[in-house]
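# Remarks on the overall topology
Each chain, written out:
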Amino acid sequence: KIPGSIGDDTDDLIAERPEKINTHAMANILIGGFVDVAGSKALFPLCMTPLAFDTFYRDFVQNDEPPIMSLNLYKWLTVLISVLVVPSSIVAPKLFDRFGMAAVNVFGNFSTGVITVALLFIGNAKPATRGTFAAFVCTLYLSFPFSILSQLAISPMLDRLSPKERKGVVMGSFTTVLNCANAVVPWLLGLAIDVLGTTHGIWIGVGLSGAATLINLPLVFRKEFKPAPRKEKKTGLFDDLALTPEEEEDYIQKALKGEHIPARVIQVINMKRLERGEKFIVNRVGTYKEDHDKLGEIVREAKKDIKVLDHNIRHFLGRLNDGSVDANVIHALNKPYPEEMQNIHHEIGEWFGDYIKANGYIGANPLQNLKLMIIRSFPPINTSGEINPKNVEETLLNLDRVYNRYLYDERIYEERSGLRNLFRRPPRRLAPVG
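What counts, and where the lines are drawn
Residues numbered from 1 in each chain as written. Predicted model: local features only at pLDDT ≥ 70, side-chain atom pairs only at ≥ 80, totals over all residues. Heavy atoms only, no water. Helix = DSSP H or I, 4+ residues; strand = E, 2+ residues; numbered from the N terminus. Buried < 20%, exposed > 50% of the residue type's maximum accessible area, 1.4 Å probe, protein only. Contact = heavy atoms within 4.5 Å. Areas by Shrake-Rupley, 256 points an atom, 1.4 Å probe, with all protein chains shown as cover. Patch = residues over 30% accessible without salt bridge, like charges linked within 9 Å, V, L, I, M, F, W, Y side chains within 5 Å. Salt bridge = Lys/Arg side-chain N within 4 Å of Asp/Glu carboxyl O. Axes fitted to C-alpha atoms, helices over the stretch in contact; angles between N-to-C directions. Parallel < 35°, antiparallel > 145°, perpendicular 65-115°, else oblique. Left-handed = near helix turned anticlockwise from the far one by under 90°. Nonpolar A, V, L, I, M, F, W, Y, C, P; charged D, E, K, R; others polar. Phe/Tyr/Trp six-rings, centres within 6.5 Å; stacked < 30°, edge-to-face > 60°. pLDDT = per-residue confidence, 0-100. Polar contact = N/O pair within 3.5 Å; in protein donor to acceptor, adjacent residues only side chain to side chain. 1 Å grid on protein atoms, 1.4 Å probe; cavity = no way out; pocket = protein on both sides within 12 Å on 5 of 7 lines; lining within 4 Å. Points joined across faces, edges and corners; volume = space filled by probe spheres on them. Core = buried A, V, L, I, M, F, W, Y, C linked by side-chain atoms within 4.5 Å.

Looking now at the overall build of the protein. In terms of helices and strands, the protein carries 16 helices and 0 strands. Taken across its 434 residues, the protein has 37% of its residues classed as buried. Of the contacts formed within the protein by residues at least 6 apart in sequence, a portion of 79% connects residues at least 24 apart. For the protein, the accessible surface area stands at approximately 26,800 Å², while carbon and sulfur atoms represent 61% of it.

Together, Trp76, Val79, Leu80, Val83, Val86, Ile90 and Val91 make up a nonpolar patch on the protein surface, roughly 660 Å² of accessible area in all. Counting only elements with at least two residues in the nonpolar patch, the list comes to helix 3 (71-80) and helix 4 (85-99). By secondary structure assignment, the location of Leu80 is in helix 3.

Two numbers describe how helix 2 (residues 23-62) lies on helix 3: the axes approach to 12 Å, and their chain directions differ by 165 degrees. Classed by the angle they form, the pair helix 2 and helix 3 counts as roughly antiparallel. Considering only the axes of helix 2 and helix 3, their crossing is right-handed. Two secondary-structure elements touch here, helix 2 through Phe44, Met48, Thr49, Phe53 and Tyr57 and helix 3 through Leu71, Tyr74, Leu77 and Thr78. Residue classes in the contact of helix 2 with helix 3 are distributed as 7 nonpolar, 2 polar and no charged.

Let us now look at the packing of aromatic side chains. Taken as a whole, this structure holds 10 aromatic pairs when the rule is applied. Aromatic rings pair up to connect Phe53, Tyr57 and Tyr74 into one cluster.

Let's shift gears to the confidence of the model for the protein. Of all residues in the protein, 82% attain a pLDDT of 70 or more, and the chain-wide mean is 80. Counted against residues more than four places away or in other chains, residues 232-238, with its pLDDT under 50, gives 17 contacts. Counting contacts from residues 428-434, a segment whose pLDDT is below 50, to residues more than four positions away or on other chains yields 0 contacts.

So, about the side chain of Ser162. Position of Ser162 among the secondary structure elements: in the loop between helix 6 (130-161) and helix 7 (167-196). In this structure the side chain of Ser162 is engaged in a polar contact, spanning 3.1 Å, whose partner is the backbone oxygen of Asp159. If we ignore the near neighbours within four places in the chain, the residues touching Ser162 are Arg17, Pro18, Lys167 and Val170.

Looking now at the packing of helix 4 against helix 5 (residues 101-124). Here helix 4 crosses helix 5 at 115 degrees, and the two axes come no closer than 7 Å. The segment helix 4 lies against helix 5, with Leu95, Phe96 and Phe99 engaging Met101, Ala103 and Val104.

Another point: unusual backbone geometry. Note that the residue after Phe44, namely Pro45, is joined by a cis bond; omega there is 25 degrees. Positionally, Pro45 belongs in helix 2. With omega at 20 degrees, the peptide bond leading from Thr49 into Pro50 counts as cis. Mapping Pro50 onto the fold places it in helix 2. Of note in this structure, Asp64 is not a glycine but carries a positive phi near 55 degrees. Looking at the secondary structure, you find Asp64 in the loop between helix 2 and helix 3. On the basis of relative accessibility, which here comes to 74%, the residue Asp64 falls in the exposed class.

Further remarks concern empty space enclosed by the protein. In total, this model carries 1 cavity of 30 Å³ or more according to the counting rule given. The volume enclosed by the largest cavity comes to roughly 30 Å³. Surrounding the largest cavity, Ile29, Leu30, Gly33, Phe34, Val37, Phe174, Val177 and Leu178 form its lining. Listing elements by their share of the lining of the largest cavity, those giving two or more residues are helix 2 and helix 7. Tallying contributions element by element places helix 2 first for the lining of the largest cavity, with 5 residues. Looking at the lining of the largest cavity, its residues break down into 7 nonpolar, 1 polar and no charged.

The subject of this paragraph is the nonpolar core. If you look at the biggest cluster of nonpolar residues, it comprises 36 residues, and the most contacted ones within it are Met48, Phe56, Met69, Phe136 and Leu140. Broken down by secondary-structure element, the contributors of at least two residues to this core are helix 2, helix 3, helix 5, helix 6 and helix 7. Counting residues per element, this core draws most heavily on helix 2, at 13 residues. Residues in contact with Phe136, not counting those within four places in the same chain, are Cys47, Met48, Leu51, Ala52, Phe56, Leu119, Ile122 and Gly123. By size, the runner-up hydrophobic cluster in this structure holds 20 residues, among which are Ala92, Ala102, Ala153 and Phe225.

Next comes the structure, spelled out in structure tokens:
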């Protein structure tokens, strides 16, 4: 992979898949998951039905008193709790990276038991009042996302254990265990409640959550489920890619031949050349004829480079604000001038002229229109002809605005080119003039 290409950071964090399934770890996860699902049934639905339903509705109705919780409110509380899975799903991946999947799983198991105990005590508090009802609802809704974390961690842990060709078996086993728990456990807890009562049935669920915590605890110490090693955050313009002299020379020769070099690589090379008092390396533009068959590749490479350069500009502006940039570095940014840039301006002019000629912009199009398009596409960044301590901030801000406009236009294009366009009517074609 070429250094500086988009995806370096994320690809490095993906662990290599094992060659075979670790059956002991898989059995641990599946058994722990079954017990976890069983324990969570005490939290929901048992704490809602029958505990809350009896305490805040049925007991009042049986005594001919107005209930604290109406049937409509009960229905809404029961339905809306499913929405709380959303924040947990958003936060879970970050928690996995920070603390590890198994640790988050165990935390969710433990949280389920603690939350269930809290709701049990609130629901059994006598007399039942609007205050205890409010405390019950707040406790349930504020803490429920923590309970969900344990079940969100099961699938990623199994995925980490499964070879690429056995993912179907592993995930199918998980689905079978999950469905079995959802089918059998509520019925068994219902039988227990009929014999022992609601409170004792919920305490059984608390015990199951505690058991799930202990069952899953050994997974915390397995290297597969520990937090991903954190790489040092790249700061952009002054990164050190640890290029050998041979690699650096190879990149330089490719740049001089007109081959694409990632922006981050060429900038690091130029920073090293700056320290040695040498001129910056400037890529050869080439001709449109050479690039005609690889325009799509050029667009993809440019998108990546613009993101890198936009980040570098922000990094450099931050260093300008804290005064950590030497004035000599700013003056050195003019090193490519003047002879190298004169050649680039001439080459890019020829490339642009050949492009518009080959793509239908010469002929019926008034030349003033072309000039307008050029002016709007390339607004002034620096008209003084050089970069110095007085204008460097303004220059970089102007350049950053141009880059951000391209990044913004790209996002808008992607949004408008999504699935919804499949259902739009195609635009009408204009009839030819004459």
